[in-house]
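A closer look at the structure
Letter by letter, the chains look like this.
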Amino acid sequence: MSDELNVPKALSGTGSWLDDRFHGARGLRVFMRKVFPDHWSFMLGEIALWSFVILLLTGTFLAFFFVPSSAPVVYHGSYVKLDGISMSQAYASTLNISFDIRAGLLMREIHHWAADLFMAALTIHMLRVFFTGAYRKPREVNWLIGIALFSLGLLEGLFGYSLPDDQLSGAGLRIFEGVLQGIPIVGTYLAFFLFGGAFPGDSIIPRMYIIHVLLIPGVLLALITAHLFIMVHQKHTQMPGLGRTEKNVVGQPFFPYFMAKGGAWFFFIFAALALLATFAQINPIWLYGPYTPVAISSASQPDFYMGILEGSLRMMPAWEWNFLGHTISFSVLIPFIVPLTVILGGAALWPFFEQWATGDRSWHNVLDRPRNAPIRTATGMAAVVFYGVLWVEGANDVVADKLQIPLYTVTWISRVAIFVGPAIAFYVTRRTCIGLQRKDKALLEHGLETGIIRQLPDGEFIEVHRQLNEEERAPLEAKKVPALMPAPGSEDENGVPAPQVHGALGRARAIANRAFAETVVIETNGHGNGHGNGHGPADEHAAVTAGHAELPGSGSGGDSGGDSDSGGSGDSGDGGPDGESGDS
């Protein structure tokens, strides 16, 4: 790709004016030349980004007309079915937005759909990052920022759909108050402070409003900005393929290709949300009625991203202790802490656990294919099943009604599935990954089936295989295998135990290391000669440690390699500015 950047005249004048005053032309030029990989999965993060932008735009519109007050009023608006009913100003203003403000209902619906799309895109984007190993060095901080964004999104969504003060959101808010009170010792004080007294109080809606429109969006905006700046600074990850190394980026420049693509993507997402808001009704608060603590609507479920907490609460049996005059309600505390700890806490610690287990401290700009990391992929699928069981249990009354199954039968099925389901998912996924690796090995050794059958002179029938071309071989040969540590209890020729696996922690690390190293080893000399049985690292020690060829600048793993940054995104890459190269 040429270093010259052709800027339209309409932009050059503006750029010159800004450069004369702020000296930003050089930085802008570098950014415009920035190369981004062209792979569809990298657009998942942009869906979350543009959904957040749409949330800000529609939320600003709604803020002009929403009244964040619990003060009672008598409704006399356009929705005659609620005429003369006493309700809060928050609920009355939401009805006014829906029926009396031009485009108000459309904006409400777009805002709500955008919130769901933001959380869905963020979830799928994080799964893509996890399954491809994009969280590894040097991107651990960006991974933690992503988890913080997801956590804040949960809280932002909860407060957002609680603001209208309808019967459905009020029930969810009552559950939230009960969860706060379930926290030992400090829970009652937290609930009293947030609600301004006994539930429901008069302070919760204005306080939620400030948190929802000011505090959390400000933090989200700061974290998203930091996430994008870190991504640009560290270079973008890329899928394995021909010409892709740890020190270059193969793709298209930001201007004009990626700018046009990203801009079109924004309008496409906005159009999709507008169509959903027009033809798929969501959160019809006028059907639920104003909130009253003495009633609850049937089939009450929160938005999907809060379903895991609802499901864990419904799944948990009654259990409480009385200790030193304090009642500890485990039936509320455990459903709140355990799912978030397993999913969010486990995700936050995973990059550091994997680095500790594999000893791999090298930079990773080329991603893994999920099949080439069986333990990671299997763990991720186990977490997905764990999440899914809780999510389905959050609607156990609807499931029981639609399938004509007793409610408590559904609950007991979920109590068993929450333990059995992830274990089955882990085993099946791990074996599937090993099987797919064997398929890749066979492709490299024997080539691709052509469907052509030939008969040999001796009468034998064979199928003709076509050898893979260079582009097809590249992603298969890019697989990296973690370096093996000595086996637990191993000794050298003098009977001295290996120091890396000494003690209980060392043995645990050795076991974890050999689990991560389980693979079908593919050793190639450029002609597809591979071997390995795929039954674990016990028979593959020599192949893993000696036969594996590293890409230039990437460490081979293992603590002996040191914490070298020589494999990072240096400026001496394989062509292009900042070590980047564009597709010709």
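These lines cover the structure that appears in this document, whether it is placed above or below. (Residues numbered from 1 in each chain as written. Predicted model: local features only at pLDDT ≥ 70, side-chain atom pairs only at ≥ 80, totals over all residues. Heavy atoms only, no water.)

1. Description of the overall build of the chain
The helix and strand inventory of the chain stands at 19 helices and 9 strands. Long-range pairs, those at least 24 residues apart, make up 73% of the contacts in the chain between residues at least 6 apart in sequence. (Helix = DSSP H or I, 4+ residues; strand = E, 2+ residues; numbered from the N terminus. Contact = heavy atoms within 4.5 Å.)

2. Thoughts on the layout of surface pockets
Here the largest pocket defines a volume of roughly 1200 Å³. What lines the largest pocket is a set of 45 residues, among which His227, Leu228, Met231, Val232 and His236 lie closest to the centre. Secondary-structure elements contributing two or more residues to the lining of the largest pocket are helix H2 (25–32), helix H3 (44–63), helix H5 (104–132), helix H6 (140–162), helix H9 (204–234) and helix H10 (254–279). Along the lines of polarity and charge, the residues of the lining of the largest pocket split into 26 nonpolar, 12 polar and 7 charged. (1 Å grid on protein atoms, 1.4 Å probe; cavity = no way out; pocket = protein on both sides within 12 Å on 5 of 7 lines; lining within 4 Å. Points joined across faces, edges and corners; volume = space filled by probe spheres on them. Nonpolar A, V, L, I, M, F, W, Y, C, P; charged D, E, K, R; others polar.)

3. Thoughts on the packing of aromatic side chains
According to the stated counting rule, one finds 28 aromatic pairs in the structure shown. Ring centres of Phe199 and Tyr291 lie 6.0 Å apart, and the angle between their planes is 80°; on these two criteria the pair is classed as edge-to-face. Linking Phe199 in the loop between helix H8 (187–195) and H9 with Tyr291 in the loop between helix H11 (285–288) and helix H12 (307–315), this pair joins segments that are 92 residues apart in sequence. With a relative accessible area of 15%, Phe199 lands in the buried category. Clustering of aromatic rings is evident, with ring pairs tying together Phe130, Phe131, Tyr135, Trp143, Trp350, Phe353, Trp356 and Phe516. The ring of Phe193 has Arg207 sitting right over it, with the charged end atom 5.5 Å from the ring centre. The residue whose ring lies beneath Arg415 is Trp412, and the NZ or CZ to ring-centre distance is 4.7 Å. (Phe/Tyr/Trp six-rings, centres within 6.5 Å; stacked < 30°, edge-to-face > 60°. Buried < 20%, exposed > 50% of the residue type's maximum accessible area, 1.4 Å probe, protein only. Lys NZ or Arg CZ within 6 Å of the ring centre and 35° of its normal.)

4. As for the pairing of strand E5 (residues 320–323)
Looking along a regular strand, one sees side chains alternate from face to face of the sheet. By the bridge criterion, 4 bridges tie E5 to strand E6 (residues 326–329) in an arrangement that is antiparallel. Within E6, the residue paired with Trp321 across the bridge is Ile328. Hairpin connection between E5 and E6: a loop of 2 residues separates the two successive antiparallel strands, and Leu324 in this loop has a positive phi of roughly 55°. (Pairing = 2+ DSSP bridges.)

5. Considering the pairing of strand E8 (residues 461–466)
Two elements, strand E7 (residues 448–455) and E8, share 5 bridges in a ladder whose sense is antiparallel. Each bridged residue has a counterpart across the sheet, and for Glu449 the counterpart in E8 is His465. In sequence, E7 turns back onto E8 through a hairpin of 5 residues, with Gly459 there showing a positive phi of about 95°.

6. Observations concerning the side chain of Ser362
Within the element layout of this structure, Ser362 appears in the loop between helix H13 (330–358) and helix H14 (374–393). Here Ser362 falls in the buried class, since its relative accessible area comes to 6%. A polar side-chain atom of Ser362 sits 2.6 Å from a polar atom in the side chain of Asp360. (Polar contact = N/O pair within 3.5 Å; in protein donor to acceptor, adjacent residues only side chain to side chain.)

7. Focus on the environment of Val74
Within the element layout of this structure, Val74 appears in strand E2 (residues 72–74). Judged by its relative accessible area of 47%, Val74 is partly exposed. As a C-alpha pair, Val74 and Ala92 span 18 residues in sequence and 8.4 Å in three-dimensional space. Setting aside anything within four residues of it in sequence, one finds Val74 in contact with Gly84, Ile85 and Ser86.

8. Observations concerning a nonpolar patch on the surface
A contiguous nonpolar surface patch, about 630 Å² in accessible area, is contributed by Val416, Phe419, Val420, Ile424, Tyr427 and Val428. Following the sequence through the fold, Val416 ends up in helix H16 (residues 407–446). Exposure remark for Val416: the relative accessible area of 48% places this residue in the partly exposed category. (Patch = residues over 30% accessible without salt bridge, like charges linked within 9 Å, V, L, I, M, F, W, Y side chains within 5 Å. Areas by Shrake-Rupley, 256 points an atom, 1.4 Å probe, with all protein chains shown as cover. Salt bridge = Lys/Arg side-chain N within 4 Å of Asp/Glu carboxyl O.)

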